[in-house]
Amino acid sequence: MKNFILTLVIFFGGFTIAQAQPGGGDKEEKIEALYVAYMTKQLTLTADEAQKFWPVHAQYTNELKAISSTTNELDRQQASLNIKKKYEDRFIKILGAERTNNFFQTDGEFRKRMIDRLKKLREQRGRGNN
């Protein structure tokens, strides 16, 4: 687990540096690839489960992304919770209840780590420009 996270941080750090250079690649695709690899490992998805899980996950993600950023914070959080509850049964059919709960926890952890890493990299760049 720690080795995978270290690899994730190193890759993401290298990825961010590559983004600062011309021709750095598509940031969203790289983050998505990291996410898929991380979630597949954390959820121990079999090939059959992955084939069923990722299309449902794509629908789930699209609905979350469709929540308007102009909506007030509490309404945005409620809309997000409603979507999670809507997809919970679909994920349970594929993963079972325990791994579905693990999915929601791990998903939040991954996103928080990415945000924290971005903040640290921005801080480092800011100090480097002084």
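As the structure is a computational prediction, the values presented were derived from the model and not from experiment. (Residues numbered from 1 in each chain as written. Predicted model: local features only at pLDDT ≥ 70, side-chain atom pairs only at ≥ 80, totals over all residues. Heavy atoms only, no water.)

Just checking my understanding: could you explain a negative patch on the surface for this structure?
Together, Asp 26, Glu 28, Glu 29 and Glu 32 line one region of the surface with negative charge. Tracing the chain through its elements places Glu 29 in helix α2 (residues 27–42). (Patch = residues over 30% accessible without salt bridge, like charges linked within 9 Å, V, L, I, M, F, W, Y side chains within 5 Å. Areas by Shrake-Rupley, 256 points an atom, 1.4 Å probe, with all protein chains shown as cover. Salt bridge = Lys/Arg side-chain N within 4 Å of Asp/Glu carboxyl O. Lys, Arg positive; Asp, Glu negative; His and termini not counted. Charge placed at Lys NZ, Arg CZ, Asp CG, Glu CD. Helix = DSSP H or I, 4+ residues; strand = E, 2+ residues; numbered from the N terminus.)

So what exactly am I meant to see when it comes to unusual backbone geometry here?
Outside of glycine, negative phi angles account for most residues, and trans bonds account for most peptide bonds. Despite not being glycine, Thr 44 shows a phi value in the positive range, around 45°. You can see Thr 44 is positioned in the loop between α2 and α3 (47–65). On the basis of relative accessibility, which here comes to 54%, the residue Thr 44 falls in the exposed class. (Buried < 20%, exposed > 50% of the residue type's maximum accessible area, 1.4 Å probe, protein only.)

Would you explain helix α4 (residues 73–95) in this entry?
Owing to its 3.6 residues per turn, the α-helix brings residues three or four apart onto one side. The end-to-end C-alpha distance of α4, which contains 23 residues, comes to 30 Å, matching closely the 33 Å that a straight helix rising 1.5 Å per residue would cover. The principal kink in α4, of about 35°, is found at Glu 88. Within α4, burial applies to Ser 80, Ile 83, Tyr 87, Phe 91, Ile 94 and Leu 95. A distance of 3.2 Å separates the backbone nitrogen of Leu 74 from a side-chain oxygen at the start of α4, and that oxygen is part of Asn 72. Phi for Gly 96, located one or two positions after α4, is positive at around 90°. (Expected span 1.5 Å × (residues − 1). Bend = angle between axes of the 7 residues up to and from the residue. Polar contact = N/O pair within 3.5 Å; in protein donor to acceptor, adjacent residues only side chain to side chain.)

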